Amino acid sequence: MRSAYLILIVALTLFSCRETPPPAPVGPLPSERQLAWHQMEYYAFVHFSMNTFTNMEWGMGSEKPEQFNPTALDCRQWARICKAAGMKGIILTAKHHDGFCLWPSAYTEHSVKNSPWENGKGDVVKELSEACKEYGLKMGLYLSPWDRNHADYGKPEYITYYRNQMKELMGNYGEIFEVWFDGANGGTGWYGGANEERRIDRTTYYDWENTWKIVRELQPGAVMFSDGGPDIRWVGNEQGWARPTNWSLLKKKDFAPGVVDNLEHLRAGQEDGTDWIPAEVDVSIRPGWFYHPAEDTLVKSLPKLLDIYYHSVGRNANMLLNIPVDQRGLIHEADSARLLELAEALKAGFATDLAFGKKVTATSIRGKSKHYGAANVNDNNPATYWTTGDSAKQASLTIDMINPTAFNRFLVQEFIPLGQRVKKFKIEALVNDSWQTIAEETTVGYKRILRFPEVTATKIRFSVEDAKACPVISNIQVFKAPELSEE
Ligand code: FUL
């Protein structure tokens, strides 16, 4: 009798302590390397190579290594400026379409080793990897598949050459966070003196799967970018925007290596995608990707760069901002000044989270458990989240601002390890005791930031109106950004 009583007590205790299980993930899901990549948010592209000295965008491949001669190359200056700009990494064009290599590759003479720079003893990739390490930045590399210099381009031998170079880059320069595979192929080139047009079958020639294996083996943490993945997708334009509706998902069958089915799918993702392949917004701070003195006065304005930030990072994409390093081998003063202005504006815009620590209530909470409570969205901890019971596809959170509070930015994040779920949401503000709709939007994803004219409210309501499954929200922040002439 006594033991039956004890069993009952133990069972009751276990029952009451048992935590409500978390929602089942809604696939496709991000990999560990993709999760780390999402957190990079904003980083630099550096286009610097032979074209910098020939004033070209696409060199023919007939250039001479002697033409590469920066007078004051300093990768530490690049890293210092990128760090101060708030960027988290730098992706360098180790080899662009003209085939010139910024590292002394053992497989070609067309490289820095035959240039006057540092008497042929220099290695830009090595200098940059050391500078990135010093400044706490991650390094990524661009190795152009198209090579207008190489005599074998178009033949199987070139693929072996390309892979050998990939092994050098992945094996000799420490940790790489991203490898950039450019989809461009204009056909014509020097090709070892042949001077002709070479067309390849983009779907078969590169045999991508086997090149990807090299990257996976040597750099298991690196994500690979190309038009359609495998890890990160192109956003379908070079102007600096993703669609407001932006799924981190693509249907793999529509994006076999080398195939771009539809630019719109790259811009917005596909709600019914089969794989997690988020978008990266690549855009240059100047009209060109490479440095041209005539563009010193054409550096994008601060309002334009802010638009790009809100249309990339603010729309569930990463921002890859290109800086064309100049003929000295330095980031030009016009670009560095603008980068720092952007950093200042972002810092001022996101200085104080007005929602932090405020009381938040939810229309429903999973298992009525504190573990999934509303307070998890403004606790400054990305590992905690608010969620509801499985059947709820509509649910709201209300933040009590206590006093009338002016704001003009709303930031929200889903807990993406459990998938991207939200299809439709709304933000309302309680202004003079009446609810006003501020925004009606679609997807959230890793991060969504909305800009709107200033509102002064005592309460703010975030409502999920439709979702693939119960919403899982890890973060909500509210800001009052100084109004530059940025809208
Ligand atoms: C394009 C290239 O053709 C441009 O030169 C540049 O590298 C840009 C990032 O990608 O496809």
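Residues numbered from 1 in each chain as written. Predicted model: local features only at pLDDT ≥ 70, side-chain atom pairs only at ≥ 80, totals over all residues. Heavy atoms only, no water.

Student: Can you break down the pairing of strand E18 (residues 448-467) residue by residue, with the values?
Tutor: Inspection of the sheet shows strand E15 (residues 395-414) paired to E18 by 13 bridges, in the antiparallel sense. Looking at the pairing, Ala406 lines up with Thr456 of E18. Sheet topology note: the strand E16 (residues 422-431)/E18 ladder contains eight bridges and is antiparallel. Residue pairing for E18: Ile427 is matched across the bridge by Phe462. (Pairing = 2+ DSSP bridges. Helix = DSSP H or I, 4+ residues; strand = E, 2+ residues; numbered from the N terminus.)

Student: I'd like a description of the pattern of salt bridges, backed by residues and values.
Tutor: One pass over the full model with this rule turns up 31 salt bridges. Of the charged contacts in the structure, one is a salt bridge between Asp147 and Lys95, with a shortest N-O distance of 2.8 Å. Within this pair, whereas Asp147 is found in the loop between strand E3 (138-143) and helix H6 (156-172), its partner Lys95 is found in strand E2 (residues 89-95), the two being separated by 52 residues in sequence. The exposure class of Asp147 is buried, given its relative accessible area of 1%. Accessibility expressed as a relative area gives 0% for Lys95, which makes it buried. Put simply, Arg451 and Asp307 hold a salt bridge, and the shortest N to O gap is 2.8 Å. Taken together, the residues Arg451 in strand E18 and Asp307 in helix H9 (residues 302-312) connect sequence positions 144 residues apart. Residue Arg451 is classed as partly exposed on the basis of its relative accessible area of 22%. If you follow the salt bridges from partner to partner, you end up with Lys424, Lys426, Glu428, Arg461 and Glu465 in one network. (Salt bridge = Lys/Arg side-chain N within 4 Å of Asp/Glu carboxyl O. Buried < 20%, exposed > 50% of the residue type's maximum accessible area, 1.4 Å probe, protein only.)

Student: Explain the site of the ligand residue by residue, including any values.
Tutor: Neighbouring the ligand are Phe45, His47, Trp58, His96, His97, Tyr142, Trp180, Asp182, Ala184, Glu238, Asp282 and Trp289. Trp58 is positioned with one of its side-chain polar atoms (N or O) 3.0 Å from an oxygen atom of the ligand. Residue His96 places a side-chain N or O atom 2.9 Å away from an oxygen atom belonging to the ligand. Computed on the free molecule, the ligand has an accessible area of 290 Å², of which 90% lies beneath the protein chains in the complex. Class assignment for the residues of the shell around the ligand results in six nonpolar, three polar and three charged. (Near = heavy atom within 4 Å. Polar contact = N/O pair within 3.5 Å; in protein donor to acceptor, adjacent residues only side chain to side chain. Areas by Shrake-Rupley, 256 points an atom, 1.4 Å probe, with all protein chains shown as cover. Nonpolar A, V, L, I, M, F, W, Y, C, P; charged D, E, K, R; others polar.)

Student: Give me the lowdown on the sheet that holds strand E1 (residues 42-47), citing residues and values where you can.
Tutor: Strand pairing in a sheet relies on backbone hydrogen bonds. The paired strands run either parallel or antiparallel. Sheet architecture is closed into a barrel: eight strands sit in the order E1-E2-E3-E4-E7-E8-E11-E12, paired in parallel fashion. Strand-to-strand twist across the sheet, computed as the mean angle between neighbouring axes with direction ignored, equals 25 degrees. Pairing analysis gives two bridges linking strand E8 (residues 232-234) to strand E11 (residues 279-284), with the strands arranged parallel. By the bridge assignment for E11, Trp234 is matched with Glu280. Running at roughly 145 degrees to E2, helix H4 (residues 75-84) makes contact with E1, E2 and strand E12 (317-324) of the sheet. Across the sheet, helix H10 (residues 333-349) is in contact with E1 and E12; its angle to E12 comes to roughly 155 degrees. (Axes fitted to C-alpha atoms, helices over the stretch in contact; angles between N-to-C directions. Contact = heavy atoms within 4.5 Å.)

Student: How would you summarise the packing of H6 against helix H7 (residues 208-218) if you had to cite specific residues and measurements?
Tutor: At their nearest, the axes of H6 and H7 sit 9 Å apart, and the two run at 15 degrees to each other. Relative to H7, H6 is oriented roughly parallel. The crossing of H6 and H7 is right-handed. Residues Tyr162, Arg163, Met166, Lys167, Met170 and Gly171 of H6 touch H7, and the partners they reach there are Trp208, Asn210, Thr211, Ile214, Val215 and Leu218. Taken together, the residues of the contact of H6 with H7 break down into seven nonpolar, three polar and two charged. (Parallel < 35°, antiparallel > 145°, perpendicular 65-115°, else oblique. Left-handed = near helix turned anticlockwise from the far one by under 90°.)

Student: If you had to explain the packing of aromatic side chains to someone new, which residues and values would you point to?
Tutor: Going through the model one piece at a time under the given rule, you end up with 31 aromatic pairs. On the numbers, 5.6 Å between centres and 15 degrees between planes, the contact of Tyr142 with Trp180 is stacked. Of the two residues, Tyr142 sits in strand E3 while Trp180 sits in strand E4 (residues 176-180), which places them 38 residues apart along the sequence. For the pair Tyr142 and Trp180, a shared accessibility class is recorded, and that class is buried. Chaining the aromatic ring pairs together yields one cluster made of Tyr153, Tyr158, Tyr161, Tyr162, Phe181, Tyr191, Tyr205, Tyr206 and Trp208. Positioned over the ring face of Trp435 is Arg461, at 4.0 Å from the centre of the ring. The ring of Trp247 carries Lys468 above its face, with NZ or CZ at 4.7 Å from the centroid. (Phe/Tyr/Trp six-rings, centres within 6.5 Å; stacked < 30°, edge-to-face > 60°. Lys NZ or Arg CZ within 6 Å of the ring centre and 35° of its normal.)

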